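Examining the three-dimensional arrangement
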Amino acid sequence: KTGLREIITRHPHTSTMRGPCFALIALFSAYVQAQETFSFQDYLPGEWKVERFSISPTTSEMTVVSTGKYVFNSKKESTNIDGSYTPESDAEEEGESVSIPVLVEFDSSNTGNFKTGDDEDLLFSFYFQHFSGPWISHGEWNGQTQGIYQFNIVAPDRFTITVYPTNSEEEMAVISVTRVKSGREKSFFEKYGSTIMMVGGFLLFQRLKGDPGRGAATGGGGGQPTVEEKVN
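Residues numbered from 1 in each chain as written. Predicted model: local features only at pLDDT ≥ 70, side-chain atom pairs only at ≥ 80, totals over all residues. Heavy atoms only, no water.

Turning next to the overall build of the protein chain. In terms of regular secondary structure, the protein chain is built from 7 helices and 10 strands. The burial tally for the protein chain puts 32% of its 232 residues in the buried class. Put simply, 36% of the contacts in the protein chain that link residues at least 6 apart link residues at least 24 apart. Put simply, the protein chain shows about 14700 Å² of open surface, and 52% of that area lies on carbon and sulfur atoms. (Helix = DSSP H or I, 4+ residues; strand = E, 2+ residues; numbered from the N terminus. Buried < 20%, exposed > 50% of the residue type's maximum accessible area, 1.4 Å probe, protein only. Contact = heavy atoms within 4.5 Å. Areas by Shrake-Rupley, 256 points an atom, 1.4 Å probe, with all protein chains shown as cover.)

Structure representation (structure tokens):
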């Protein structure tokens, strides 16, 4: 198979194409790198819908236990994130809602501690890693049910937390969280990256085809120069 760099080198108009093509390659590399880079610190801010499910250890039946919402806001004076969890309930429909404070402390963009309550009790510590699949974190879970958790970044607007209880007779929990509103401004590549790649690919394709106007005038294919053009 012929690579893009080889096509550019072989093309008769290499001298005029080399600059734009290599610029496109550099832009594509930056776009891919931006897609592969992940920061939980940038990912978390916003409003999220939360659904908690329980899975029976005997029947494997999954049932909805509770629903609610997370709201996370970046702190201007530090790298930490303040937030709250508000469960949906009959009291909320009557205008009375109870929010549980949340504090997310960061040691780096992908490591830190997730704390809840007025006393800032540690729920779990996180360390996100990326292998061949999604970004994940796992470790001890210090909720009402003690166990091991696995945090999966499923998509840019969705993550799941699966809690495996230490006691095998207790129900496993799955927390599904979907973004409702983002709390940060999208980066340049997030806004325009895919469009730039499509337009750049189209322009590169047109340059590789050559000048169609010259081909129509001479009856040729438009790609190779004529004998007169070579002499001149």
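With respect to the helices and strands, the residue S54 is situated in strand 1 (residues 46-55). Classification of S54 as buried rests on a relative accessible area of 8%. Separated by 121 residues in the primary sequence, S54 and I175 place their C-alpha atoms 8.8 Å from one another. When neighbours within four sequence positions are excluded, S54 is seen to be in contact with E61, M62, T63, V65, E171 and M172. Side chain to side chain, S54 and E171 meet in a polar contact 3.4 Å long. (Polar contact = N/O pair within 3.5 Å; in protein donor to acceptor, adjacent residues only side chain to side chain.)

Here the focus is the nonpolar core. Formed by 29 residues in total, the largest nonpolar core has its most connected members in F40, F72, V104, F151 and I153. When residues no more than four places from it in sequence are discounted, the contact partners of F72 are L44, P45, G46, W48, I81, D82, G83, V102, V104 and F114. (Core = buried A, V, L, I, M, F, W, Y, C linked by side-chain atoms within 4.5 Å.)

Before going further, it helps to examine the packing of aromatic side chains. Per the stated rule, a full pass over the model turns up 25 aromatic pairs. Measuring from ring centre to ring centre gives 6.4 Å for F40 and Y43, while their planes differ by 25°; the resulting arrangement is stacked. One end of the pair, F40, and the other, Y43, are both in helix 3 (residues 40-43), 3 residues apart, so they sit about a helical turn from each other. Given the relative accessible area of 1%, F40 is considered buried. With 6.1 Å between their ring centres and 55° between their planes, W141 and Y149 make a pair best called tilted. You can call W141 buried: its relative accessible area is 6%. Above the face of the Y43 ring, R179 is positioned so that its terminal group lies 5.3 Å from the ring centre. (Phe/Tyr/Trp six-rings, centres within 6.5 Å; stacked < 30°, edge-to-face > 60°. Lys NZ or Arg CZ within 6 Å of the ring centre and 35° of its normal.)

Our next topic: the pairing of strand 8 (residues 146-155). Bridge analysis of strand 7 (residues 136-142) against strand 8 gives 7 bridges, and the strand direction is antiparallel. Residue W141 lies in a different strand from strand 8, and its bridge partner there is G147. Hairpin connection between strand 7 and strand 8: a loop of 3 residues separates the two successive antiparallel strands. Inspection of the sheet shows strand 8 paired to strand 9 (residues 158-165) by 8 bridges, in the antiparallel sense. Bridge assignment links I148 to a residue of strand 9, and that residue is Y164. A loop of 2 residues connects strand 8 with strand 9, the two strands running antiparallel in sequence. (Pairing = 2+ DSSP bridges.)

All we've got here are geometric facts, nothing functional implied.
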